[in-house]
Amino acid sequence: MKLLIDIGNTSLKWALYQDGEIGPMRSARHFEALPIDVIASWEQIARVSKVLVASVGPQGVFEAVIAAARACWNCPVVRIETGVQAHGVRIAYAEPSRLGVDRFLALVAAHSLPTPAAAANGSGHRADTAAAILIVDVGTAITFDGLLADGTHLGGQILPGIATLRSSLLQRTQLPSHQTQDHPGIWGQDTGPAIAGASLQAPVAVAERLVHRLEQQTGVPPRLILTGGDAERIATLFDTPLEQHPDLVLRGLARFD
Ligand SMILES: Nc1ncnc2c1ncn2[C@@H]1O[C@H](COP(=O)(O)OP(=O)(O)OP(=O)(O)O)[C@@H](O)[C@H]1O
Ligand SMILES: CC(C)(CO)[C@@H](O)C(=O)NCCC(=O)O
Ligand SMILES: [K+]
């Protein structure tokens, strides 16, 4: 049994992995430390032979994971870093190590995801379509990554996350505090809905623009894959079809077992 852990800037996500199967993903806010209830739930797992970690978050959380793994199972902790290429994916950055490892692993996982049709007919094989992929990871930051069917990473975009899109505006203006309920509409009719609405429409608009560009470049509509803790909040706002894979980064980690 292996434990897969993804440390982000806000949350920590984990799942067990055995015989090629990833168990249910769990998630917790970490507040820059390892929450006591997370450690308590890990103590319930009898045997873990290896912990695989990807982290773009605080160093303290990673160090706490090492300590917990030693205390709970006395097993090795392997930290995966971004590489130039892996599992058929070639990273676009001239300095690949600058690309967040969460983005790297999402690319690796997306490249070998069965197409919805292949998954439905149970073949489990990657269909031989020429569809490119756009990955949108909606977290503390929102990242967009383009991936051609042959594994070429095109690069991407980074946008502040939904919470930061809203809070940064309040920090730099005299705007009054407002209600921050999500507002799905295009036409906000008060300050709160206008700001909340834009924070949701902005990532959707960037994604749809990149989808359009990928289709122009390849001649085939790309697959749009959504992941991240806030994916649910924008998923219904797209005009284009999409797939949701909340555990995409952990799926990428599993490839490095
Ligand atoms: N008090 C809060 N402060 C910041 N973010 C919050 C808060 N409450 C909820 N969130 C939401 O949690 C989201 C984080 O999503 P997710 O769980 O994917 O985090 P993450 O994996 O840590 O992100 P990343 O990998 O980008 O660092 C934020 O974008 C934000 O909308
Ligand atoms: C952008 C985030 C914060 C998203 O989690 C992470 O992938 C990261 O720290 N990336 C490094 C910068 C880059 O990917 O270009
Ligand atoms: K992430």
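Residues numbered from 1 in each chain as written. Chains lettered and ligands numbered in written order. Predicted model: local features only at pLDDT ≥ 70, side-chain atom pairs only at ≥ 80, totals over all residues. Heavy atoms only, no water.

**What to know about the overall build of the protein**
What counts, and what does not: Here a helix means four or more residues in a row that DSSP labels H or I, a strand means two or more in a row labelled E, and each is numbered from the N terminus. We take the radius of gyration over the C-alpha atoms and set the globule estimate at 2.2 Å times the residue count to the 0.38 power. For the exposure calls, accessible area comes from a 1.4 Å probe over protein chains only, and a residue counts as buried if that area is under 20% of its type's maximum, exposed if over 50%, partly exposed in between. Working rule for contacts: check all heavy atoms of both residues, and any pair within 4.5 Å makes them a contact. Charge counting treats Lys and Arg as positive and Asp and Glu as negative, with His and both chain ends excluded. To locate a charge, take NZ of a lysine, CZ of an arginine, CG of an aspartate or CD of a glutamate.
Summing up its helical and strand segments, the protein has eight helices and 13 strands in all. Rg of the C-alpha trace for the protein: 19 Å, near the compact-globule value of 18 Å for 257 residues, within the 12% margin. Once the C-alpha set of the protein is aligned to its principal axes, its extents read approximately 55 × 45 × 40 Å. Looking at the protein as a whole, 46% of its 257 residues are labelled buried. Restricting to contacts in the protein with at least 6 residues of sequence separation, those with at least 24 account for 55%. Each charge sign in the protein was given a centre, from 20 positive and 24 negative side chains, and these centres are 4 Å apart.

**Some points on the sheet that holds strand 9 (residues 133–138)**
This is how it is decided: Here a strand pair is declared whenever DSSP counts at least two bridges between the two strands. Fitted lines through C-alpha atoms serve as axes, helices being fitted only where they are in contact, and the angles separating the N-to-C directions of these axes extend from 0 to 180 degrees.
Spatially, five strands are ordered 11-10-9-12-13 in an open sheet, and the strand pairing comes out mixed. Of all the strands in the sheet, just strand 11 (153–160) and strand 13 (243–244) have a single pairing partner and so form its edges. Sheet analysis places strand 9 next to strand 12 (residues 223–227), joined by five bridges and oriented parallel. Its bridge partner lying in strand 12, V136 is registered against L226. Across the face of the sheet, helix 6 (residues 191–218) comes into contact with strand 9, strand 10 (141–147), strand 11 and strand 12 while running at roughly 165 degrees to strand 9.

**Re the site of ligand 1**
Rules: Note on terminology: near, applied to a residue and a molecule or strand, indicates that one of the residue's heavy atoms is within 4 Å of it. What qualifies as a polar contact is a pair of N or O atoms within 3.5 Å, subject to a donor-acceptor requirement within protein and to the restriction that residues adjacent in sequence count only when both atoms come from side chains. Areas reported as accessible are Shrake-Rupley estimates using a 1.4 Å probe. Residue values count occlusion only from the protein chains shown. Asp, Glu, Lys and Arg are counted as charged, while Ala, Val, Leu, Ile, Met, Phe, Trp, Tyr, Cys and Pro are counted as nonpolar; the rest, among them Gly, fall into the polar class. What fixes the domain bounds is an automatic or database domain assignment.
As a matter of local geometry, ligand 1 sits amid 16 residues, with N9, T10, S11, G229 and D230 nearest to it. Note that an oxygen atom of ligand 1 is positioned 2.8 Å from one of the backbone N or O atoms of G139. Burial of ligand 1 by the protein chains amounts to 73% of its free accessible area of 650 Å². Here the residues of the shell around ligand 1 are counted per class, giving three nonpolar, eight polar and five charged. Both domains that meet at the shell around ligand 1, namely domain 1 (2–79) and domain 2 (85–254), each give it at least three residues.

**Looking at the UniProt feature "binding site: ATP" (unreviewed entry) in the protein**
In plain terms, the rule: UniProt positions are given in the numbering used here, feature names are shortened, and annotations may be inferred rather than shown by experiment.
In this numbering, the UniProt entry assigns the feature "binding site: ATP" (unreviewed entry) to D6, I7, G8, N9, T10, S11, L12, K13 and T140. In three dimensions, the annotated residues from a span of 135 residues occupy one location, with a maximal C-alpha spread of 13.4 Å. In this fold, D6 is placed in strand 1 (residues 2–7). Judged by its relative accessible area of 9%, D6 is buried.

**So, the site of ligand 2**
Within the structure, ligand 2 sits among N9, V56, Y93, R98, L99, G100, D102, R103, T143 and I158. R98 is positioned with one of its backbone polar atoms (N or O) 3.5 Å from an oxygen atom of ligand 2. A class-by-class count of the residues in the shell around ligand 2 yields four nonpolar, three polar and three charged.

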